[in-house]
Number of protein chains: 2
Amino acid sequence: MGKKITIYDLAKILKVSPGTVSRSLNDHPSISQKTKARVVAKANELGYKTNKFAANLSKQKTNTIGVIVPRLNSNFMSTMLAGIEKVVNEAGYNLIISQSLESMEKEKLNAKTLFNNSVDALLVSLAYDTSSYDHFTPFIHHEIPLLFLDRVHNLPNSATLIIDNKLAGYEATEHLIDQGCKNLLYVGGSQRRNVYSDRFKGFKNALANYNLEFDESNILESDLNPTSIGEAINHIKRSTKQIDGIFVANDTFAAHLIKNLIREGHKIPEDIKIIGFNNDPVSELVTPSLSTIDYSGYEMGILAGQSVISHLNGNINFKSANTITLRHQLIIRESTQKQ
Amino acid sequence: MGKKITIYDLAKILKVSPGTVSRSLNDHPSISQKTKARVVAKANELGYKTNKFAANLSKQKTNTIGVIVPRLNSNFMSTMLAGIEKVVNEAGYNLIISQSLESMEKEKLNAKTLFNNSVDALLVSLAYDTSSYDHFTPFIHHEIPLLFLDRVHNLPNSATLIIDNKLAGYEATEHLIDQGCKNLLYVGGSQRRNVYSDRFKGFKNALANYNLEFDESNILESDLNPTSIGEAINHIKRSTKQIDGIFVANDTFAAHLIKNLIREGHKIPEDIKIIGFNNDPVSELVTPSLSTIDYSGYEMGILAGQSVISHLNGNINFKSANTITLRHQLIIRESTQKQ
DNA sequence: ATGAAAGCGCTAACAT
DNA sequence: ATGTTAGCGCTTTCAT
């Protein structure tokens with residue numbers, strides 16, 4: 001068990017004051033290069049390791065940033081996290097990542113834990129069923145930067161980072177229409193989440209623009225869990241108008257839908273064309289491969305990180321509730337091929 | 001900005017000593033129920049929040065556990081993390097999760113960061129190309145519990161949590177043989193990683209047991225990255241004996257392989273049968289659906305958490321280098337269907 | 001059962 | 001350029 005060595009040990013050995021040691025280690029300007037070098041050398045030699053708790057206690061700053069995401073296991077989320085991690089690490093921050101597992105209760109718990117851990121900032125992508133936002137008010141009250149990513153909610157003094165889901169939804173739908181679809185279905189998650197309600201708005205706008213009628217049978221709200229695929233199939237079967245195009249706001253669910261529709265004897269894309277959302281790796285793997293909307297989680301992560309860091313550095317702040325919008329892109333594959 | 005209230009504030013208000021407040025808050029036995037109740041009530045009323053840094057500094061314990069995984073975006077990893085998180089949270093610990101992105105350099109950095117953050121324990125699933133293990137020795141020297149998960153390495157005073165990859169590999173291969181395959185190919189990742197070398201050993205044993213000859217053309221070492229699928233296809237094409245069964249040690253790569261083999265005109269499972277590993281959700285989605293070996297990341301996470309916690313509580317320890325082995329299960333789907 | 005006080009290791013304001 | 005020292009908020013030993 002290597003005994004831990006402190007700045008006092010260093011000070012004693014080098015015959016300087018603890019203050020000088022501390023300043024040297026932190027590259028303080030008013031220390032001579034010579035002593036700085038001596039201190040650093042000795043510190044390395046002895047395997048000195050700064051005690052973050054003492055430092056944090058003294059500085060009242062933790063240098064950690066909290067993140068709450070619905071789940072870790074999507075390509076989008078994990079690349080986003082990689083992006084965030086890269087930026088904040090380079091800026092000397094650590095990340096505490098937690099998953100809400102799509103549950104508001106868990107999200108509340110996570111928020112509380114992160115608050116108790118005194119994170120310097122919080123990044124959140126909301127859970128499926130989050131309907132109240134009180135668990136974020138402590139952060140706002142304590143002026144801890146709060147940034148929502150992708151699945152956002154407009155809270156005062158917080159920032160949001162999104163794509164133009166409405167436009168993307170419009171484009172996906174327009175693509176189906178271009179390919180000859182007349183009776184469209186939108187399958188999305190909770191309308192409470194902007195990502196789903198906005199994509200739906202885009203869907204509806206596209207229908208209106210192309211003079212296609214819309215009624216309640218053209219939308220299905222689902223939890224997008226693979227176990228709920230039966231509901232979707234039933235909805236499609238029961239529909240009076242023969243559905244020939246489906247916009248699913250989530251690639252994984254879209255992939256399951258394809259698989260199951262084929263099993264039911266439908267031809268994709270001949271009978272029904274399908275477009276997903278996210279450009280998840282699975283969209284390339286299903287047969288037929290899935291058309292989708294692509295947007296970069298990594299880029300979103302990088303931007304989120306940068307945004308938060310510059311806020312923490314006092315360069316900008318979220319007072320003037322700001323929103324960053326990233327670009328997206330339609331990717332055409334087999335599942336929407338015209339005959 | 002809500003001012004932070006400390007035990008001193010509480011002490012002054014309640015006219016007791018800070019020590020009493022501290023003990024009350026920590027449910028120390030030698031404090032009367034009455035004062036305990038008073039203190040706790042006041043603390044809640046005033047929204048007291050313990051300063052972890054002061055506590056940690058004083059206790060020399062951080063109550064955080066570090067985790068390094070190769071990537072976050074696999075179903076296996078994220079469910080494993082969910083399992084770990086559940087257990088350690090219940091025990092009052094926090095998790096710092098980091099991803100090595102399959103790079104040893106990043107893994108080293110992560111280890112260093114976590115060490116500097118004074119995690120109380122470290123859980124690791126090794127990166128693809130990790131070949132030296134010196135970055136873990138600081139943990140061992142400082143007697144910080146070190147537990148390897150799934151992708152393990154035998155280091156003194158550390159524990160490992162695995163499945164019987166050799167047996168699982170044997171069973172997967174045996175299944176292919178049962179289904180009539182004669183010329184088998186094993187596609188795995190770096191032999192440096194136990195998960196791949198052990199599965200390969202099982203493969204080889206099965207061949208030997210069934211008197212099927214083995215030479216170097218029966219094994220392909222790949223980075224299992226979808227972009228490397230071309231190599232695999234070439235290997236299969238160039239093989240002198242016509243390959244009729246493939247055991248791929250990774251579902252995602254297996255799925256890509258299926259897709260590409262079909263594109264090349266092969267019939268799956270008629271011409272070539274394929275079995276994967278992990279029971280990733282994609283194995284159900286690909287056409288034909290993929291036979292595979294299932295094992296529970298969640299369970300592995302739970303066990304890892306419990307193991308580390310009980311170590312931390314001094315109940316057991318890793319001195320007697322222990323290994324926990326979980327069960328696994330063969331899942332038969334379309335990709336290995338006999339004609 | 002409670003109080004007093006000495007740390008834990010570092011930072012930063014204030015000397016010099 | 002360097003030293004001194006008072007915190008940061010909590011835990012815990014030693015008294016009482």
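Along each chain, the written sequence defines residue order, and numbers are assigned to residues from 1. Throughout, the order in which chains and ligands are written sets their labels, letters from A for the former and numbers from 1 for the latter. Local features in this predicted model are restricted to residues of pLDDT 70 or higher, and side-chain atom pairs are both shown and tallied only at a pLDDT of 80 or more, whereas totals for entire chains, interfaces and linings draw on every residue. Side-chain metrics rest on all non-hydrogen atoms present in the structure, leaving aside hydrogens and water.

Q: Before we go on, may I ask you to explain the domain arrangement of chain A in this structure?
A: A common measure of how large an interface is: the accessible area buried when the components associate. According to the domain assignment, chain A contains domain 1 (7-50), domain 2 (60-162 + 297-327) and domain 3 (165-295 + 330-336). For each domain, the first and last residues come from an automatic or database assignment. Using C-alpha coordinates to define each centre, domain 1 of chain A is positioned 62 Å away from domain 3 of chain A.

Q: Teacher, can you tell me more about the pairing of strand 5 (residues 159-163) of chain A here?
A: Regular strands place their side chains on alternate faces of the sheet. All names here are of chain A. For the exposure calls, accessible area comes from a 1.4 Å probe over protein chains only, and a residue counts as buried if that area is under 20% of its type's maximum, exposed if over 50%, partly exposed in between. Only DSSP runs of H or I reaching four residues or more are called helices, and only runs of E reaching two or more are called strands; each is numbered from the N terminus. Of all the 5 residues making up strand 5, 5 are buried; the element is thus mostly covered by neighbouring parts of the structure. Alternating positions in strand 5 separate into two faces, A159, L161 and I163 on one and T160 and I162 on the other, with burial throughout. Of the pairings in the sheet, the one linking strand 4 (residues 146-149) to strand 5 comprises 3 bridges and is parallel in character. Bridge pairing links L149 to L161 in strand 5. A pair of strands is treated as paired once DSSP finds two or more bridges between them.

Q: I tried to follow the nonpolar core on my own but got confused; where do I start?
A: The tendency in soluble globular proteins is for nonpolar side chains to be buried side by side. What makes a nonpolar core is a set of buried Ala, Val, Leu, Ile, Met, Phe, Trp, Tyr and Cys residues whose side-chain atoms join them at distances within 4.5 Å. Membership of the largest hydrophobic core comes to 150 residues, with the highest contact counts inside it found for I246 and I274 of chain A together with I246 and I274 of chain B. Beyond its immediate stretch of four places on either side in the chain, I246 of chain B contacts L176, L185, V187, I236, L257, L261, I272, K273, I274 and I275 of chain B. In what follows, residue pairs with any heavy atoms lying within 4.5 Å of each other are defined as contacts.

Q: Which parts of the structure should I look at to understand the interface of chain A and chain B?
A: On the side of chain B, 46 residues touch chain A, which itself brings 45 residues to the contact. Each partner contributes to the roughly 4,100 Å² buried at the junction of chain A and chain B, and carbon and sulfur atoms together form 56% of this total. What makes a salt bridge here is a side-chain nitrogen of Lys or Arg within 4 Å of a carboxyl oxygen of Asp or Glu, nothing more. There are 2 salt bridges connecting chain A and chain B. A salt bridge links K106 of chain A to E85 of chain B, with the nearest nitrogen and oxygen atoms 3.0 Å apart. In protein, a polar contact means a hydrogen-donor-capable atom and an acceptor-capable atom, both N or O and within 3.5 Å, with residues adjacent in sequence counting only if both atoms are side-chain atoms; elsewhere, any N or O pair within 3.5 Å suffices. Linking chain A with chain B are 15 residue pairs in polar contact (both at pLDDT 80 or more). Defined in terms of a 1.4 Å probe, buried area is the accessible area two parts forfeit on being brought together, summed over both.

Q: It is not clear to me how the protein's contact with DNA strand D should be interpreted in this structure. Could you clarify?
A: Around DNA strand D sit 27 residues, and of these T20 of chain A together with Y8, S22, Y48 and S58 of chain B come closest. The cutoff for a nearby residue is simple: one of its non-hydrogen atoms must lie within 4 Å of the molecule or strand. Backbone atoms, meaning sugar and phosphate, form 61% of the atoms of DNA strand D found within 4 Å of the protein. Take T35 of chain A: an N or O atom from its side chain is 2.8 Å from a phosphate oxygen of DNA strand D. Within the side chain of Q60 of chain A, an N or O atom sits 2.8 Å from a sugar or linking oxygen of DNA strand D. Elements that contribute at least two residues to the surface near DNA strand D include exactly helix 2 (18-25) and helix 4 (52-59) of chain A together with helix 1 (7-14), helix 2 (18-25) and helix 4 (52-59) of chain B. No other element matches the 4 residues that helix 4 of chain B contributes to the surface near DNA strand D.

Q: How should the sheet that holds strand 4 of chain A be read in this particular structure?
A: Each strand in a sheet pairs with another by means of backbone hydrogen bonds, the pair being arranged parallel or else antiparallel. Residues and elements named next belong to chain A. Ordered in space as 2-1-3-4-5-11, the 6 strands form an open sheet in which the pairing is parallel. Either end of the sheet is taken by a strand with one partner, and the two such strands are strand 2 (94-99) and strand 11 (323-326). Across the sheet, the mean angle separating the axes of adjacent strands is 15° when strand polarity is ignored. Here strand 1 (residues 64-69) runs beside strand 3 (residues 121-124); their pairing, made up of 4 bridges, is parallel. Its bridge partner lying in strand 3, G66 is registered against L122. Fitted lines through C-alpha atoms give the axes, limited to the stretch in contact for helices. The angle between two N-to-C directions lies from 0 to 180 degrees.

Q: Just checking my understanding: could you explain the protein's contact with DNA strand C for this structure?
A: In the neighbourhood of DNA strand C, 26 residues make up the surrounding shell, with Y8, S22, Y48 and S58 of chain A together with T20 of chain B lying closest. I7 of chain A has a polar backbone atom sitting 2.7 Å from a phosphate oxygen of DNA strand C. Where the surface near DNA strand C is concerned, the elements lending two or more residues are helix 1 (7-14), helix 2 and helix 4 of chain A together with helix 2 and helix 4 of chain B. Among the elements that take part in the surface near DNA strand C, helix 4 of chain A stands out by supplying 4 residues, more than any other. In the scheme used here, Gly and all other residues not listed as nonpolar or charged are polar, with Ala, Val, Leu, Ile, Met, Phe, Trp, Tyr, Cys and Pro taken as nonpolar and Asp, Glu, Lys and Arg as charged. When the residues that make up the surface near DNA strand C are grouped by side-chain class, the tally is 8 nonpolar, 14 polar and 4 charged.

Q: Sorry if this is basic, but what is going on with the relation of the copies chain A and chain B here?
A: The operation relating the two chain copies consists of a rotation about an axis and a shift along that axis. You can overlay chain A on chain B at an RMSD of 0.1 Å; the transform is a turn of 180° with a shift of 0.0 Å along its axis. Viewed as a symmetry operation, the transformation between the two copies matches a two-fold axis. Same-surface contact between copies: 100% of interface residues of chain A are shared with the interface of chain B. The superposition of copies rests on a least-squares fit of C-alpha positions from residues with pLDDT of 70 or more in both.

Q: What should I look at first to understand the pairing of strand 1 of chain A in this one?
A: Burial runs high along strand 1 of chain A: 6 of the 6 residues are buried. Burial along strand 1 of chain A is two-sided: T64, G66 and I68 of chain A and I65, V67 and V69 of chain A, pointing in opposite directions, are all buried.

Q: Help me out: how do you make sense of helix 4 of chain B in this one?
A: One side-chain oxygen at the N-terminal end of helix 4 of chain B lies 2.8 Å from the backbone nitrogen of F53 of chain B; it belongs to N51 of chain B. Q60 of chain B sits one or two residues past helix 4 of chain B and shows a positive phi near 60°.

Q: What should I look at first to understand the pattern of salt bridges in this one?
A: A side chain of one charge can pair with a side chain of the opposite charge when the charged atoms of the two come close. All names here are of chain B. Tallied over the entire structure, the rule returns 22 salt bridges over all chains. Among the salt bridges present, the one from R151 reaches E102, with a minimum N-O distance of 2.9 Å. With a gap of 49 residues between them, R151 in the loop between strand 4 (146-149) and strand 5 (159-163) and E102 in the loop between strand 2 (94-99) and helix 6 (104-116) connect regions that are remote in the sequence. The buried category is assigned to R151, whose relative accessible area is 8%.

Q: Would you explain the sheet that holds strand 11 (residues 323-326) of chain B in this entry?
A: Residues and elements named next belong to chain B. Reading across from one edge, 2-1-3-4-5-11 is the order of the 6 strands in this open sheet, with parallel pairing throughout. Every other strand in the sheet has two partners, leaving strand 2 and strand 11 as the edge strands with one partner each. Taking each pair of neighbouring strands and ignoring which way they run, the sheet shows an average axis angle of 15°.

Q: So what exactly am I meant to see when it comes to the environment of I262 of chain B here?
A: Residue and element names in this part refer to chain B. By the secondary structure assignment, I262 is in helix 11 (residues 251-263). Classification of I262 as partly exposed rests on a relative accessible area of 37%. Sequence separation between I262 and P288 is 26 residues, and the spatial gap between their C-alpha atoms is 10.0 Å. Among all residues touching I262, those that are not within four sequence positions of it are I268, T287 and P288.

Q: Looking at this model, I keep getting lost on the environment of F247 of chain A. Mind explaining?
A: Residues and elements named next belong to chain A. In this fold, F247 is placed in strand 8 (residues 245-248). Separated by 61 residues in the primary sequence, F247 and Y186 place their C-alpha atoms 4.9 Å from one another. Once residues lying within four places of it in the same chain are set aside, the contact partners of F247 are G169, A172, T173, L176, L185, Y186, V187, R199, F203, I275, G276 and F277.

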